[in-house]
Every structure is written in C-alpha cells, then in structure tokens.
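Each chain, letter by letter, is given below.
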Amino acid sequence: MPMATARFAAVVPLRKLPPNRSRFTYRIPDELAVNIIVGSFVRIPFMRSIVDGVVLDIAADPYMEAKDIAHAYGTGLTAMQVALVKHLAQQYYQSPATIIHSFIAALPRRGEIVAVQHAAAAPAPTPASYEYCIAHRVRDIQDIIREKIAAQSSGQTAVIIPEYAWLPSIKEALQQQQPLIIPPKTGRREFFQAWQRSSTAAVVIGGMHALFLPYSQLRQIIIVEAEHQGFKKAEQNPRYHLADFILDVAARYGAHLTLTGFSPDIRLVAAGRTVGSTLSERGRAAAPLSVVDMQEERRAGSYHPLSHVVQEVLQRKKQRILFLSNRRGDARITRCADCGFVVKCDRCDRPLVQLQRGNQLDCLACGTHASVPTQCPQCKGVTLQSRGNGIAAIARSIQKLIPDRAVSIYSRDADTLPTDAAVVVATNKIFSLPHLQFDVAVVVNADDELQLPNLYAAEQTRSHIMKLRSRANEVFVQTYSPSQYCFQTLDSTKDFLAAELAWRKRLGYPPFGMLITVTVKTTHQAALAEPRARLQQHFANVHPYGPFTLVKARHYEAQIVIKVPTITPELDAVLRCAYTWSHIEINPYELGTA
C-alpha cells in the first residue's frame, strides 16, 4: 500500500522578525489536515515557545524533518486577504509577515476566537467602478454617504475615515443604522472581535486598516477626505499610500469606489482616469477667500506676522477667529523679511533652524550646520531674520494686539480647547474637530509646507485651505508667493489639477514617475560606514542620488533616492536583493524620512 504524501505549510509567525526570516515550513499532522487551508490561524512551536501564525501556502514538501503544527483555530484570513498580502508584499518590497501585521497585529486568547468558514479561492479581479466627489462642507460628505448607502440594496459597505474624529459626523449621516465600528489595533481583544464581525456587517466604519478585513460581500467602498495625509503617510511600516492599492482592492471585491474630499488627491485622480472615473463637485460655493501678499506688507514697512487687513479683522468683537500655522512652539527659521526667502539645508533642502543665540543654523533632519548668511541669496537684501513663527510666538503677537481678550492654543501639546474660545491659534490638529466652526480663519504662513522637500506640498497646502473654507465664513491666506499656482487656483479644482499635473510631469514625479528611498540604519555613527558603503555599491548601476547621512533622535541613517519612470525588471531584481538588509519605501511622503 503506497505511503500517503505528507502535507506541509509555509507559516508566518505573528512576531516581529527580520524580512529574510519570516516564513517557516511546518508539517500538517493528519488529525489537523481537515482544519488547515491557506490563510488558517494556527499555533506553532517557534524557538522555545508556542506562538500564533498564519498559513500562507500549502504543498507536498520534501523536508520531512519539519516540526508539526500544534493547533488549528478553524478560522483565519480569507482567500481574498491572502491574495492581498502577497500582492502588497510584492508591491512594497516587504515581507509577508510585515503585511500581515498591518492586517491583524495579534490574536486574542484562544477561547475568544469563533470558528468561521472562509472561501477556498479568491475570485478573479473585475474592473472597478469609480467616482470622485469634491465637497465644500462636512454636510456635503454626509449627504454623499447617506445617498450611497441608501442606494445599496445588498452586500456590504466600507466607510474609510482618516481619523476617528470623523465618527460623530458619519454616525449622524447614517441616522438609524447601526454600523460596525472597527477600533484601532492597539486594543487587541476589541479589534479582533470587530474583525470577526466584519465578515457579515452591512456597514463597516474604520481607518485605512478597515480595507483589509475579512469581508464576505463587499460591494461598496467610500473614502472620506481621500486627500488626507493619513492616507499617504502611515506611522508604521509599511507606509501605505491609498493610491497604490485602493483600485486593486475594489477590483478584487468587485466593489464600487467613491472618493470624497475638500480638494483632490493628484495620484488618486490620475489612477481614476485609467478606469474612466468622473470628478464632480458637491454643495454650495465655499466661503469667500482673500490671498494677502506679505511682500506688499513689508514694502509698506510692516514686519508684524499679521497683515494690516487681518489686524483689522482681529479688532472685530463677538467673532470667533482661527489662526492656523503648522509649526508648534517657538520654531525659529531664518527668513528674508523683504521677499520671504527661507534659508534651507544644502544637503536635504529642509529649512534651517536657529536653536540658540548666535550665528549658527542647524538642520534637524540631517544634522548639518551653517552660518547665518549676511544677505538674502534671492533679493540681495540684508533683512534676514531668525524669528519664532510657531504657534506660541504667533499667540504672543496676537495677545499684544488684543490684551483684553483670551488667546487659546490648540496643538498636539495642548489638545484641549475651551468651549467659549473666541481667538484660537492652532496647528493642523484643529482639523481633527470636524464640527468646529469659525467666523474668520487665517492661514498665517501659507508658504511653510511649500518650503519642505515634499512632492505633496502644494496638494496638502490647498487641502488645508479648502478645509478652512468649509469651517469658516471668511478666509485670509497670508503668503510671500501669491503668484504660486496653489494660491492662484483656489477657486478652480480643474485649474489646480492642470497646474499640479503639469509640474509633476515636468519633474517626473508620481503619477508620471516613481520615487524610491532605500535606507540603512545604525545606532552609532561610526558603525554607519560599512552599511553606507554597501548601499552605495549595491545600487551603483541604477544611478541614485546620495547616499545622504541623516541624524535622527536615536540612530543614524544613510539614504539614497532613486527616481525612475517605472520599475524595470532589472531595478526590481536589485531592490528584491536588498529588502532583507535595508528599508525600501515607494513614493515616500517626504524625502529624508524612513
């Protein structure tokens, strides 16, 4: 009688492991064979303990010495989720273990897991139907969600939000419906309970991780505020960008995709055009907006951070006024008081900061030091000044103008706001309060984001201004560059898209090309020489920029930047040989980060 062929599984332990040691082969015992398929959650002997893992593949394997799987839970990732894990691992040059951790960080205790049946194979992707709606008010987005869910007669709907502060607005839009709220993954037990319920819930609301749930009949995906930087800049690896995978997710489920926002995301618009998407605007015209030329203020002899027109508005009584600046504390950058030129780092192009009195400027990203120039390189003026332009410094300037009124600060460091606050100075964190309304909103330093080496700078600056228009009756934008297309196109989404796409096409930036950063890290500066040399040698044939040395709070980095029209098979091979000893990021949100 012939011997039965043993079955083996490639299992990914739910542990933080190096990329080159993330899949291990285990034998499937005969008594567990009926309960184990691709995607199954299992318990495996690993090192000196028993840990949870996920089966990624099953095959007849010749390695008969493999250890046995200890236990099968009877549930796991769906075939669709496994397909997404493999796709994202390939796309982001990450190990499957890293991708699985972004789907589900860890399993709760064994007794809390309910066995469910999942499909044995994922259906073939179908072209996604897609639409992009630009809103002028929060209630416009609420109306879109309400209409889309009401029109959906069967299947599941996923509403994806950039931050949980949107929940009250979404619940208000849904009225009597009881959606399933997906909590953050930090609450392991609560998250896993919601994770299991998501397979049958009619409406699911959650962050970007809610796109990776075990849906059984996902028919509609609604993205709230699709241009939000939270959809481009995940805090942990892998740093997903919504435009990289959302069309693929919709196609795999055969789901209709609706994007909403106050300003367009360029990459999402470009991706949508490939499948014939539409871009429409919703709601009444936004609040009136005035662009204030700060160079004119300087020529008139005023060097106050607020223009004359804004100072006049500040004197109005019984009005709630918001001043927006995305710099906290007393950040001191060196700026020309005449033309607005900002002194930047020659190495990484970030604004230099004066940390202490004297003639030295420092780069907080790469550690470069420089002397304060004696004249402005742009206008040759001699009014270069290192002044605090963070919200603390702005609040003090405002308080001097209105000593009889209280000035409140709202930021990550001071995240409580009095309910009766009439004058507020805030960072972008104010946008985490969607229902907050003001009579007047002022962008104090609209050029700040544009000074950073961030290809999304104009897109994000416009997004912040349009969000202010959705929350205020009147908006003022102070800038040293009023002719910049970002400020010239605030009343026309179409014109902004044309200008931004033309700029990116000229420079070969996404969606017309790709930026790739490859980074190695060490805890000691002296130890960086060897991995830096390896980085330089390994990528010599693809002609990168760098390597650049970056000084972080607790470690040192060497980083190269690769700009290409597309990833060729040759570059793909080079990257796949390097992902086990370096960090690879595709189209990073900012250069000089890892």
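The structure presented is a predicted model; accordingly, all values stated were derived computationally and were not measured. (Residues numbered from 1 in each chain as written. Predicted model: local features only at pLDDT ≥ 70, side-chain atom pairs only at ≥ 80, totals over all residues. Heavy atoms only, no water.)

*Asks:* Explain the nonpolar core to me, and be specific about the residues and the numbers.
*Replies:* Residues Ile221, Ile223 and Phe245 are the most contacted members of the largest nonpolar core, which totals 104 residues. In this structure, phenylalanine 245 is in contact with Leu88, Tyr92, Met208, Leu211, Phe212 and Tyr240, ignoring residues within four places of it in sequence. Counting residues in each nonpolar core, the second largest holds 21 residues, with Val313, Leu314, Val425 and Phe476 among its members. (Core = buried A, V, L, I, M, F, W, Y, C linked by side-chain atoms within 4.5 Å. Buried < 20%, exposed > 50% of the residue type's maximum accessible area, 1.4 Å probe, protein only. Contact = heavy atoms within 4.5 Å.)

*Asks:* Any chance you could break down unusual backbone geometry for me, citing the residues and the numbers?
*Replies:* A cis geometry characterises the amide bond from proline 510 onward to proline 511, with omega recorded as 15 degrees. Examined against the element boundaries, proline 511 turns out to sit in the loop between α13 (493-507) and β23 (514-522). Backbone torsion omega between glycine 546 and proline 547 reads 10 degrees, so that peptide bond is classified as cis. Along the polypeptide, proline 547 turns up in strand β24 (residues 545-551). For methionine 47, which is not glycine, the phi dihedral falls at a positive 55 degrees. For methionine 47, the location among the structural elements is in the loop between β3 (40-46) and β4 (49-59). The class for methionine 47 is exposed, based on a relative accessible area of 71%. Of note in the backbone geometry, tyrosine 93 takes a positive phi value of approximately 55 degrees without being a glycine. Mapped onto the secondary structure, tyrosine 93 falls in the loop between α1 (79-92) and α2 (96-103). By relative accessible area, tyrosine 93 is classed as buried at 4%. (Helix = DSSP H or I, 4+ residues; strand = E, 2+ residues; numbered from the N terminus.)

*Asks:* Help me get a handle on the pairing of β3, residues and values and all.
*Replies:* Counting buried positions along β3 yields 7 of 7 residues, so the element is predominantly enclosed. Side chains Ser40, Val42, Ile44 and Phe46 project from β3 onto one buried face, and the interleaved Phe41, Arg43 and Pro45 project onto a second face that is buried too. Pairing geometry for β3 and strand β5 (residues 71-76), over 3 bridges, is antiparallel. Across the sheet, residue valine 42 finds its bridge partner in β5, namely alanine 72. Counted along the chain from β3 to the antiparallel partner β4, the turn is 2 residues long, and its residue methionine 47 has a positive phi close to 55 degrees. (Pairing = 2+ DSSP bridges.)

*Asks:* Would you mind going over the pattern of salt bridges in detail, with residue names and values included?
*Replies:* Two side chains carrying opposite charge are able to pair once their charged atoms lie near each other. A full pass over the atoms with the stated rule returns 19 salt bridges. For arginine 299, the salt bridge is made with glutamate 296, and the minimal N-O distance between the two is 2.9 Å. Pair noted here: arginine 299 and glutamate 296 are both in helix α8 (residues 294-299), with a separation of 3 residues, about one helical turn. By relative accessible area, arginine 299 is classed as exposed at 55%. Glutamate 296 gets classed as partly exposed once you look at its relative accessible area, which sits at 43%. (Salt bridge = Lys/Arg side-chain N within 4 Å of Asp/Glu carboxyl O.)

*Asks:* Summarise the sheet that holds β24; cite the residues concerned and give the values.
*Replies:* The strand order across the open sheet formed by 4 strands is β24-β25-β23-β26, and the pairing between neighbours is antiparallel. Of all strands in the sheet, those with a lone pairing partner are β24 and β26 (583-586), marking the two edges. On average, adjacent strands in this sheet sit at an angle of 25 degrees to one another, irrespective of strand direction. Bridging between β24 and strand β25 (residues 556-564) involves 5 bridges; their strand directions are antiparallel. Pairing of threonine 549 across the sheet is with alanine 558, part of β25. Those strands touched by helix α15 (residues 569-578) are β23, β25 and β26, and its axis lies near 25 degrees from that of β23. (Axes fitted to C-alpha atoms, helices over the stretch in contact; angles between N-to-C directions.)

*Asks:* How would you sum up the sheet that holds strand β21 (residues 438-443)? Please name residues and give values.
*Replies:* The sheet built from 6 strands is open, its strands ordered β13-β22-β21-β14-β20-β19 with parallel pairing. The open sheet has two edge strands, β13 (289-293) and β19 (407-410), and neither has a second partner. When strand polarity is set aside, the average angle formed by the axes of neighbouring strands in this sheet is 20 degrees. Relative to strand β20 (residues 423-426), β19 runs parallel, the two being bridged by 4 bridges. Residue pairing across strands places valine 407 opposite valine 423, the latter belonging to β20. The sheet contacts of helix α10 (residues 391-401) involve β14 (321-324), β19 and β20, and relative to β19 the element is tilted by about 170 degrees. Set on the sheet, helix α11 (residues 457-471) makes contact with β13, β14, β21 and β22 (472-479); between it and β22 the angle comes to about 150 degrees.

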